[in-house]
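Below, each chain spelled out in residue letters.
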Amino acid sequence: METRKDVVVIGGGAAGMSASSRVRRLDPNARITVLEATEYVSHAPCGIPYFLEGLFDDPSLFMNYTPSFFKEKRNINVLTGAKVVEADFSERRVTYEKDGEKVSLEFDHAVLATGAKPVVPRIEGVGGERVHLVHHPAEAPALRASLSDASRVVIVGGGVLGLELAEAMSAKGRKVTLIHRGDYPLSRVLDEDVGKYLGEFASKRIELRMGESLVSVGDGGRSVKTDSGVYEADAVILSLGVEPNVTFGGLQLGAKGAVATNGNMETSIKGVFAAGDVADSVNVITHKRDWQPYAPVANKMGFVAGTNIAGGNMSFPGVVGTVITKFYEKFIGKTGLTEREAKAEGFRTLSTTIRAPSRARYYPGGSEIVVKLISEEGSKRLIGGQLMGNEEVLGRLDLLASAVAAGMTVEQLFFVEMGYMPAITEVWDPLIIAARQLMKARSRFPVRG
């Protein structure tokens, strides 16, 4: 007689619920318990800027599915408001606290899916009443209420979240100052030749203070001091990145302090898996350990972990680092390595950056799209790319991400049979134009015309 598995999942976000749902799909007899500290499961933190902007008002929309859905439809025991206070993975036991009581659970398999947490700088004034961090959907309603009377908002950090928050506050009519220590917004995502276009565009909507580092926050969040000046504010939002939320010891750590995993998403302790923003992986370009805290990666990691817990055999192939965001009408995307990252990893690179129309010249409503392609000089392999434009950025980015993941060469990208319609592209698609330019740069027999 087959023994029924006891599976405990710590964290009810994307990775945790993906893992638990996959176990249930493959093993109808498993006992699955999800422990989630908040009242939200299957939630979407990426929606927080849009909630703050007022694009939707119902916080329950942060959840793709409710706790009751998982209980009633999938027979998964979801315990919300259950904070894990102790985890002994070697002894296969966790203890959680709910409603003032502590309860211990034993397990056969566990999934650690505690996500990431905001980086909190160790500087004066961070704990002020009007100094905010953006982390979890459960905190979004209180954050929106706190920001409702702020006419001047200073955002520190020009990464993806910082830029999205800057748009949200600006669209609400706030005066926004964005402080970033890089030379342009998204400086970790874009190379300078693409980033300068974003900086020029963003500066028309908000005040950019680039190349400045945070020193302190004053008067509870009424002022921000950098190494170059002091800025008055009604509210301050710190968006200085995230780090793995590794709360419990006993597991080997990997890239960026995330929990180390193998291809099956199993940790250094057999039967204990990690998935999502708390887990590391392998970069398919560099073949080194990497950490990419993004929702699509988290869902697939959870899917792989759940498959293996249920008795399957599936490997997570690794990450290429695909990111997309927007600022007003501009969509900005990156996949693979930036040229700066590639050179730091020892790659000899060739690259090209082009600007091209997004539609046929006779079709109304077109705009300009910027495309950068990066290849390895010797092998001609594509190792990265960046795009910025008003339309069709995501589709081109996804194609490029597939090409990078598959190890395609520039010539192979050039010969991809892309669709053509004047309303959404020229007959020579911008990606193909960029590939053609890169072929000229690398060929002994340059493409002419």
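Scroll up to find the structure this text is about.
Quick notes on the rules
Counting from 1, residues in each chain are numbered in the order their sequence is written. Local features in a predicted model are, by the rule used here, given only for residues with pLDDT of at least 70; side-chain atom pairs are given and counted only at 80 or more, and totals for whole chains, interfaces and linings are based on all residues. With hydrogens and water stripped out, all remaining heavy atoms of the structure feed into the side-chain values. What makes a salt bridge here is a side-chain nitrogen of Lys or Arg within 4 Å of a carboxyl oxygen of Asp or Glu, nothing more. Secondary structure follows DSSP: runs of H or I at least 4 residues long count as helices, runs of E at least 2 residues long count as strands, and numbering of each begins at the N terminus. Residue burial is assigned from relative accessible area. The probe radius is 1.4 Å, only protein chains are included, and a residue is buried under 20% of its type maximum, exposed over 50%, and partly exposed in between. Strands qualify as paired when DSSP identifies two bridges or more between them. To get an axis, a line is fitted to the C-alpha atoms, and for a helix only the part in contact is used. The angle between two axes follows their N-to-C directions and goes from 0 to 180 degrees. Contacts were defined at the residue level, with two residues in contact if any of their heavy atoms lie within 4.5 Å. Between rings of Phe, Tyr and Trp, where Trp is taken as its six-membered ring, a pair exists when centres lie within 6.5 Å; planes separated by under 30 degrees are stacked, by over 60 edge-to-face, and by other angles tilted. Look at NZ for Lys and CZ for Arg. If either is within 6 Å of the ring centre and within 35 degrees of the ring normal, a charge sits over the ring.

The tally for this structure, following the rule as stated, stands at 24 salt bridges. Across the pair Lys175 and Glu207 runs a salt bridge whose closest N-O atoms are separated by 3.3 Å. Residue Lys175 is found in strand E11 (residues 175–180), and its partner Glu207 is found in strand E12 (residues 207–210); the two are separated by 32 residues along the sequence. Judged by relative accessible area, Lys175 falls into the partly exposed class, the value being 46%. Bridged by salt links that share partners, the residues Asp191, Asp193, Glu339, Arg340, Lys343 and Lys372 form one connected network.

So, about the sheet that holds strand E18 (residues 272–274). In spatial order, the strands read E3-E2-E1-E7-E18; together these 5 strands make up an open sheet with parallel pairing. Taken across any chain shown, the strands that pair with only one partner, and hence form the sheet edges, are strand E3 (77–80) and E18. Going across the sheet, the axis of each strand differs from the next one's by a mean of 15°, ignoring polarity. One ladder, built from 5 bridges, connects strand E1 (residues 6–10) with strand E2 (residues 31–36); its direction is parallel. Paired with Val8 across the strands is Thr33, a residue of E2. Those strands touched by helix H1 (residues 14–26) are E1, E2, E3 and strand E7 (109–112), and its axis lies near 170° from that of E2.

This part takes up the packing of aromatic side chains. Working definition: an aromatic ring pair is given by the centre-to-centre distance plus the angle between the planes. One pass over the structure, following the stated rule, counts 11 aromatic pairs. On the basis of an interplanar angle of 90° and a centroid distance of 6.2 Å, the ring pair of Phe201 and Phe327 is categorised as edge-to-face. In this pair, Phe201 sits in helix H6 (residues 192–202) while Phe327 sits in strand E21 (residues 323–327), placing the two residues 126 residues apart along the sequence. Take Phe201: its relative accessible area is 13%, and that puts it in the buried class. An aromatic cluster is built from Phe51, Phe56 and Phe62, whose rings are joined through pairwise contacts. The ring of Tyr328 has Arg205 lying over it, and the distance from NZ or CZ to the ring centre is 4.0 Å. Sitting over the ring of Phe201, Lys330 keeps its end group 5.6 Å from the ring centre.

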